[in-house]
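# Observations on the model geometry
Here is what each chain is made of, one letter per residue.
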Amino acid sequence: MKAQIIDTHHAYTGFFELQCLTLKHDRFDGGSCGPLVREVLHRSDVAAALLYDPIADKVVLVEQYRAGAHVAGVSPWLVDIVAGRIEAGQTPLEAITREIAEESGLTPKSIEPIGTYLTAPHLSSEQVHLYCATVDAEAVDGLHGLAHEDEDIRPRVLTRAEALALPKTQPLSLWAGLALSWLDKSPR
C-alpha cells in the first residue's frame, strides 16, 4: 500500500499549525483514490505522565482551565495528568521531567513508559509519549505553572480508588483515561 502527499500548504499558523494536504493513496480493493484534500493540525509531540505514590497508594492529578473543554460545554477546569510539549532538542523523558516540576512542583523518583499514542490521527499529527512517574504525594504544595504561559495549575491528591472512579463521574482527557486505565490494570 502506498500513500503520497502531492502538495502541502499552511492554512493557519498560530498556537497550532493547520496544514492542508493534497494526497492520494492506494485502496484495499486494489484501486487508488485521490487527489484528496485533508486538513491536519500540527504541532510538536507531547509528553504526559500519571503521578503515582505507590507507598500511599495515591494519585496526583492537576487541574487547570482548558479552552477545548469550555467549548465542548463541560467544566473548563479539567482534572488531568501532567503534560506538555516536547521542545526542540528534547527527548520525551526530558520533557516530562520538566513538566512534572513545572505543573506539580514534584520531583519524580522514577519514570516508567506506558506507551506512545496518536491522539487523534484523523485530524492531528500529534503523538503523546505516556509515562507513570512515582512521586511523594505528601510533598504536594501550592499552585504551579509558568507565568509567561499564563498557567494556573492546582495539583490534587486523590486516593487510587477516587482517581480510578473519575472516568465515571466527569469528562477527562484521553491521556488521563489511558493512564488511569493502565493504573487500574497494573499490579501495584
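Refer to the preceding data block for the structure.
Owing to the predicted nature of the structure, the values given are computational and were not obtained by experimental measurement. (Residues numbered from 1 in each chain as written. Predicted model: local features only at pLDDT ≥ 70, side-chain atom pairs only at ≥ 80, totals over all residues. Heavy atoms only, no water.)

A word on the pairing of strand β9 (residues 127-134). Counting buried positions over the eight residues of β9 gives seven, a clear majority of the element. Judged from the seven bridges that link them, strand β4 (residues 46-53) and β9 form a sheet pairing that is parallel. In the sheet register, L50 faces β9, and the bridge partner there is C132. When strand β8 (residues 110-118) meets β9, the two strands line up antiparallel, connected through eight bridges. Directly across from Y117, in β9, lies its bridge partner V128. (Buried < 20%, exposed > 50% of the residue type's maximum accessible area, 1.4 Å probe, protein only. Helix = DSSP H or I, 4+ residues; strand = E, 2+ residues; numbered from the N terminus. Pairing = 2+ DSSP bridges.)

Attention now moves to the packing of aromatic side chains. Geometrically, a pair of aromatic rings is defined through the distance of the ring centres and the angle of the planes. The full count for this structure, using the stated rule, is two aromatic pairs. Judged by centre distance (5.1 Å) and plane angle (80 degrees), the ring pair of F15 and F16 falls under edge-to-face. With relative accessibility at 58%, the residue F15 sits in the exposed group. Each ring, one from Y65 and one from W77, has its centre 5.7 Å from the other, and the planes form 70 degrees; the classification is edge-to-face. On the criterion of sequence distance, the pair formed by Y65 in strand β5 (residues 58-65) and W77 in strand β6 (residues 77-80) is long-range, its members being 12 residues apart. The exposure class of Y65 is partly exposed, given its relative accessible area of 40%. Across from the ring centre of F16, 5.9 Å away, lies the NZ or CZ of R43, which sits over that ring. (Phe/Tyr/Trp six-rings, centres within 6.5 Å; stacked < 30°, edge-to-face > 60°. Lys NZ or Arg CZ within 6 Å of the ring centre and 35° of its normal.)

Judged by pairing direction, the sheet is antiparallel, and its three strands sit side by side in the order β1-β2-β3 without closing on themselves. Looking at which strands have only one partner, the edges of the open sheet turn out to be β1 (3-13) and β3 (32-42). Between one strand and the next, the sheet's axes are offset by a mean angle of 20 degrees, whatever the strand orientation. Of the pairings in the sheet, the one linking β1 to strand β2 (residues 17-26) comprises nine bridges and is antiparallel in character. Within β2, the residue paired with H10 across the bridge is Q19. (Axes fitted to C-alpha atoms, helices over the stretch in contact; angles between N-to-C directions.)

Take the environment of L143 next. Within the element layout of this structure, L143 appears in the loop between β9 and β10 (154-159). Take L143: its relative accessible area is 61%, and that puts it in the exposed class. Separated by 81 residues in the primary sequence, L143 and V62 place their C-alpha atoms 9.7 Å from one another. If sequence neighbours within four positions are ignored, L143 has contacts with D152, I153 and R154. (Contact = heavy atoms within 4.5 Å.)

On to the nonpolar core. Counting residues in hydrophobic clusters, the biggest one holds 21 residues, and the most contacted among them are A48, L50, V59, L61, I81, L130 and W175. At the level of secondary structure, the elements contributing two or more residues to this core comprise β4, β5, β9, α3 (160-169) and α4 (174-185). It is α4 that contributes the most residues to this core, five residues altogether. Beyond its immediate chain neighbours, meaning those up to four positions away, L50 contacts V59, L61, I81, Y131, C132, A133, A179, L180 and L183. Core analysis: the next-biggest nonpolar cluster, separate from the first, contains 16 residues, L51, A95, I96 and A133 among them. (Core = buried A, V, L, I, M, F, W, Y, C linked by side-chain atoms within 4.5 Å.)

When two helices pack together, their arrangement is given by the angle between the helix axes and by the axis-to-axis distance. Between α3 and α4, the least distance of the axes is 9 Å, while the angle of their chain directions is 130 degrees. Comparing their axes, α4 and α3 come out oblique. Along this stretch, α3 crosses α4, giving a crossing that reads as left-handed. Across the interface between the two elements, R160, A163, L164 and P167 of α3 pack against L180, L183 and D184 of α4. Considering only residue class, the contact of α3 with α4 consists of five nonpolar, no polar and two charged. (Parallel < 35°, antiparallel > 145°, perpendicular 65-115°, else oblique. Left-handed = near helix turned anticlockwise from the far one by under 90°. Nonpolar A, V, L, I, M, F, W, Y, C, P; charged D, E, K, R; others polar.)

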